[in-house]
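As a plain string of letters, each chain reads:
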Amino acid sequence: KTEKTTNVINWVMSPPRSGGGHQNIFRFIDFLDAAGYTNNVYLYSTLDHMTPSEVKENVASYSKAANTTVYTYSSSRAMQQADILFATGWETAYPVFNEKTTAQKLYFIQDFEPYFYPMGTDYILAENTYRFGYHGITAGGWLSKKLSSEYGMQTDHYDFGADKTNYRFENQDERKKIFFYARPVTER
């Protein structure tokens, strides 16, 4: 017996501000929208609150998905029926884990998020999400291999996109430079 597909995907995410991670998620939503899927975005955050209309306004410059509805997540309110339910960050993996649904639960993973924190509670909470039994869709092969080999997670990955007319590797000479990346919102 073949189950009827509804072509609906639910995404649980933190409120999208200006970060590249949210822009990347919405690139996938736009692609899925163009392929005929309906996407529902559920906002989840204990600290950062944004209304669905603020989200639509905020992402309008980089997302044109027509079949996307934004909701505020509530564990006491049922989600729309869907084929797939995505967690999109370690904080969202917990409500997705607890959600009673027949949808396949996937984890859209763009970073090894425990590294955002010093060793402690947040590090462990983030790391534990890789043991929830989700199928991971990761940004790049390195993360896919790490989660598979160290956590036994089933994963697939997508390659990073770059416009090679603007970005290219040219200098193969030995270098004596240090690259340092930091951002104020990341504790570590």
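Each residue is numbered by its place in its chain's sequence as written, counting from 1. Totals for whole chains, interfaces and linings use every residue, but because this is a predicted model, local features are given only for residues with pLDDT of at least 70 and side-chain atom pairs only at 80 or more, for both listing and counting. In computing side-chain values, all of the structure's heavy atoms are included and hydrogens and water are not.

So, about the pattern of salt bridges. Definition used for salt bridges: Asp or Glu carboxyl oxygen within 4 Å of a side-chain nitrogen of Lys or Arg. Enumeration according to the criterion identifies 3 salt bridges in this entry. Here arginine 17 ties to aspartate 48 by a salt bridge, and the two come within 2.5 Å at their closest N and O atoms. Taken together, the residues arginine 17 in the loop between β1 (8-13) and α1 (20-34) and aspartate 48 in the loop between β2 (38-43) and α2 (52-59) connect sequence positions 31 residues apart. Take arginine 17: its relative accessible area is 41%, and that puts it in the partly exposed class. What makes aspartate 48 partly exposed here is its relative accessible area of 26%. Glutamate 150 serves as the salt-bridge partner of lysine 146, at 3.0 Å between the closest nitrogen and oxygen. Residue lysine 146 and its partner glutamate 150 are both found in helix α5 (residues 141-151); the two are separated by 4 residues, about one turn of the helix. For glutamate 150, a relative accessible area of 48% corresponds to the partly exposed category. Going along the chain from the N terminus, every DSSP run of H or I of four or more residues is numbered as a helix, and every run of E of two or more is numbered as a strand. Residue burial is assigned from relative accessible area. The probe radius is 1.4 Å, only protein chains are included, and a residue is buried under 20% of its type maximum, exposed over 50%, and partly exposed in between.

We now examine α1. Residue count minus one, scaled by 1.5 Å, sets the expected span of a helix. In this model α1 runs 21 Å from its N-terminal to its C-terminal C-alpha over 15 residues, within 8% of the 21 Å that 1.5 Å per residue would give. Packed against the buried residues of α1 are β1, β2, α2, β3 (68-72), β5 (104-109) and β7 (155-158). Residue glycine 36 follows α1 closely and has a positive phi angle near 100°. Any two residues whose heavy atoms approach within 4.5 Å are treated as being in contact.

Moving on: the pairing of β1. In terms of residue burial, β1 counts as a mostly covered element, since 6 of its 6 residues are buried. Here β1 shows no split at all, with Val8, Asn10 and Val12 on one side and Ile9, Trp11 and Met13 on the other all buried. Pairing between strands is defined by DSSP: at least two bridges between them are needed. The pairing of β1 with β2 spans 6 bridges and is parallel. Residue methionine 13 lies in a different strand from β2, and its bridge partner there is leucine 43. Bridge analysis of β1 against strand β4 (residues 84-87) gives 4 bridges, and the strand direction is parallel. The residue bridging valine 12 from the neighbouring strand is alanine 87, located in β4.

Next up on the list: the environment of leucine 85. The residue leucine 85 is located in strand β4 in this model. Overall, the relative accessible area of 1% leaves leucine 85 in the buried class. Counting along the chain gives 51 residues from leucine 85 to glycine 136, while the straight-line C-alpha distance between them is 12 Å. Sequence-distant contacts of leucine 85, that is, excluding residues within four places in its chain, are made with Asn10, Val12, Met79, Val96, Glu99, Thr101, Ala103, Gln104, Lys105 and Leu106.

Mapped onto the elements of the fold, threonine 88 is located in the loop between β4 and α3 (90-98). Reaching out from threonine 88, the side chain makes a polar contact with the backbone oxygen of valine 12 at a distance of 2.6 Å. Excluding residues within four positions of it along the chain, threonine 88 makes contact with Trp11, Val12, Met13, Ile25 and Phe108. For the purposes of these results, a polar contact is taken to be a pair of N or O atoms within 3.5 Å, where, inside protein, one atom must be able to donate a hydrogen and its partner to accept one; residues adjacent in sequence count only when each atom of the pair is a side-chain atom.

Moving on to the nonpolar core. Throughout this description, the term nonpolar core refers to a set of buried Ala, Val, Leu, Ile, Met, Phe, Trp, Tyr and Cys residues connected via side-chain atoms within 4.5 Å. Tyr107, Ile109, Phe112, Tyr130, Tyr134, Leu147 and Met153 are the most contacted members of the largest nonpolar core, which totals 24 residues. Mapped by element, the contributors of at least two residues to this core are β4, α3, β5, α4 (121-128) and α5. Membership of the second largest hydrophobic core comes to 22 residues, among which are Ile9, Ile29, Leu106 and Phe108.

Time to look at the sheet that holds β4. With respect to topology, 7 strands assemble into an open sheet ordered β3-β2-β1-β4-β5-β6-β7, the strand pairing being parallel. Each of the sheet's edge strands pairs with one partner strand only, and the pair in question is β3 and β7. Direction aside, the axes of adjacent strands within the sheet are offset by 25° on average. The angle between two axes is taken between their N-to-C directions and runs from 0 to 180 degrees, where each axis is a line fitted to C-alpha atoms and a helix contributes only its stretch in contact. Along the sheet, α5 contacts β5, β6 (135-139) and β7; its crossing angle with β7, the most-contacted strand, is approximately 170°.

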